[in-house]
Amino acid sequence: MTASLLAGAAAGIAAAVQAGTATAVALVAESFRRGREVNAGRDGLNAFVSSDEDLSRALAASAPCGGPLAGVPVAIKDNIATTYLTTSCGSKMLQGYVSPFEATAARKLREAGAVLIGKTTMDEFGMGSSTEHCAFGSAKNPIDPTRVPGGSSGGSAVAVAAGICPIALGSETGGSVRQPAAFCGIVGVKPTYGRVSRFGLVAFASSLDHVGVFGRTVDDAALALEVIAGPDTAHDATSAVRESPALRHVARDLEAMIIGLPREYFPASLSAEMRDRCDRAIAALRARGAEIRHVSLPNTALAIPAYYIIAPAECAANLARFDGVRYGVRIDGDGLVGMYEATRSGGFGAEVTRRILLGTYVLSAGYYDAYYRKAMQVRERIRQDFAAVFASGVHALFTPTTPTPAFRFGERSDPYAMYLSDIFTVTANLAELPAMSLPIGRVTGLPVGGQVIAPKFAEADMFRVAYALEAELGQAAHR
Ligand code: GLN
């Protein structure tokens, strides 16, 4: 009974717990049973950095059973602060760190009745696209464990895709929810910047960072986003003063909607199979009544270079706080400066170090104008590209989420090759737009995602497109 419940929709679990036909405690036991089945051992998926069944059982026993997520087991990325378990950010720098306060998104899940079952594996401080940069070992793709699950929120995607929990939180700076969702065959959403409070999300690049959600279905993701969205201006100065949008009762057809296909997202280099899965999704959008229009976002090619200046610049500033004094590890050295050096060299991994060096360089007096200011100007052009397309009457855009399905471990050891896996996702972070990925089929047996991008705060339209696409594709989304 509980096992089949756990495999179903989050709304169904909550309804059963509200009605008293299931309990949060039994669901925790089931979730941990499933976790042990897929997660442990050398060939295990390694979705979690920390979890504790006794703790989760105690949380379940006191969880409110009237809320919209009553008894729903949830996993949270290890860079979102919880007062239970670690908030290590996948880094040796914060190994074993337990936060004294709780992130707003985590608090809202808890107050809605959800039960935390673990903190998930991630690329160190969110920097990466595969979870290979986690100091505590990579998570593995449940569809093919020789491949990466995507990143940086890979562990959260794995927990949902492997059936350990129906909903998980991740974070996005340039695609870290949508890309692993695509690689693992589930739904991943990045809301509009400001829609969900960033309070308690450990900062990577503050102007690009978002809390996002994973669900097995569009409806599970909608339910989770409805719960965590909303104003939090007391804690996050960039929080939007907008009530949480109603996402679950939008129309299921696309009559009178115009969906744009930006040609820069369908390059000639896209494989014939990827193109075919996209074509099938586009036909499904048409079948539901949408008008399809070809559009152009001419500055798209500049997005990766601009992102890899702006994100490292902000990361260099944000990560300056990890100095061995206030948080996490301290490694002794010669005097105060020696201690800083030893702590920062020993605490951060190679990718984080690379970004701090790059960020410090582009912000330095002689290079600020040449690199950082230029990148900010490019960011504005990317914003204007989207604004012009939406002003022309287009309601939403459809694109592939990634150029390829999940790659093998070690295959993208060249950092630049890794960076290119975000080519279709970083634009929405730069332009602060809501965007989501949902399954549109398989290529060589591996899941691939389609991306829907909407204007700022038009999450309801974005979900309308996603619900319609999911319904029209049906089982084809997983073939
Ligand atoms: N993969 C991108 C990066 O490495 C995006 C990461 C993210 O969204 N957190 O920066």
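Below, the structure is looked at part by part.

Rules used in this analysis
- Residues numbered from 1 in each chain as written.
- Predicted model: local features only at pLDDT ≥ 70, side-chain atom pairs only at ≥ 80, totals over all residues.
- Heavy atoms only, no water.
- Helix = DSSP H or I, 4+ residues; strand = E, 2+ residues; numbered from the N terminus.
- Buried < 20%, exposed > 50% of the residue type's maximum accessible area, 1.4 Å probe, protein only.
- Contact = heavy atoms within 4.5 Å.
- Pairing = 2+ DSSP bridges.
- Axes fitted to C-alpha atoms, helices over the stretch in contact; angles between N-to-C directions.
- Core = buried A, V, L, I, M, F, W, Y, C linked by side-chain atoms within 4.5 Å.
- Right-handed = clockwise from strand over helix to strand, strands pointing away.
- 1 Å grid on protein atoms, 1.4 Å probe; cavity = no way out; pocket = protein on both sides within 12 Å on 5 of 7 lines; lining within 4 Å.
- Points joined across faces, edges and corners; volume = space filled by probe spheres on them.
- Nonpolar A, V, L, I, M, F, W, Y, C, P; charged D, E, K, R; others polar.

## With respect to the side chain of T427
Structurally, the position occupied by T427 is in helix α15 (residues 426-430). Overall, T427 belongs to the buried group, its relative accessible area being 1%. The contacts of T427, once residues within four sequence positions are left out, are Y265, T300, A303, I382 and F386.

## Quick notes on the sheet that holds strand β4 (residues 167-172)
With mixed pairing, the eleven strands of this open sheet are ordered in space as β1-β3-β2-β4-β6-β5-β10-β11-β9-β7-β8. Edge positions in the sheet fall to β1 (48-50) and β8 (291-295), since each has one partner strand and no second. Ignoring strand direction, the axes of neighbouring strands in this sheet form an average angle of 35°. Alignment of strand β7 (residues 258-262) against strand β9 (residues 396-400), held across two bridges, turns out to be parallel. Looking at the pairing, I259 lines up with A396 of β9. Relative to strand β6 (residues 210-215), helix α8 (residues 218-228) is tilted by about 145°, and along the sheet it contacts β4, β5 (187-190), β6 and β10 (435-443).

## Some points on the nonpolar core
Residues F125, I228, F386, F398 and F463 are the most contacted members of the largest nonpolar core, which totals 152 residues. Ranked by residue count, the leading element in this core is helix α10 (residues 303-318), at ten residues. Ranked by size, the runner-up nonpolar core spans five residues in total, among them F183, A406, F407 and M418.

## Details of the pairing of β8
Alignment of β7 against β8, held across five bridges, turns out to be parallel. If you follow L261 over to β8, its bridge partner there is H294. For the segment spanning β7, helix α9 (residues 272-287) and β8, crossover handedness is right-handed.

## Structural notes on unusual backbone geometry
S152 follows G151 through a cis peptide bond whose omega is 10°. Along the chain, S152 falls in the loop between β3 (115-120) and α6 (154-161). For L85, which is not a glycine, the phi torsion comes out positive at approximately 60°. L85 sits in the buried class, given a relative accessible area of 14%. Positive phi, normally seen in glycine, also occurs at E432, with a value near 65°. Examined against the element boundaries, E432 turns out to sit in the loop between α15 and β10.

## Description of the layout of surface pockets
The computed volume of the largest pocket comes to approximately 290 Å³. If you trace the largest pocket, you find 17 residues lining it, with F101, G200, L201, V202 and R321 closest to the centre. Class assignment of the residues belonging to the lining of the largest pocket gives a composition of ten nonpolar, four polar and three charged.

This is a description of form; function is not addressed.
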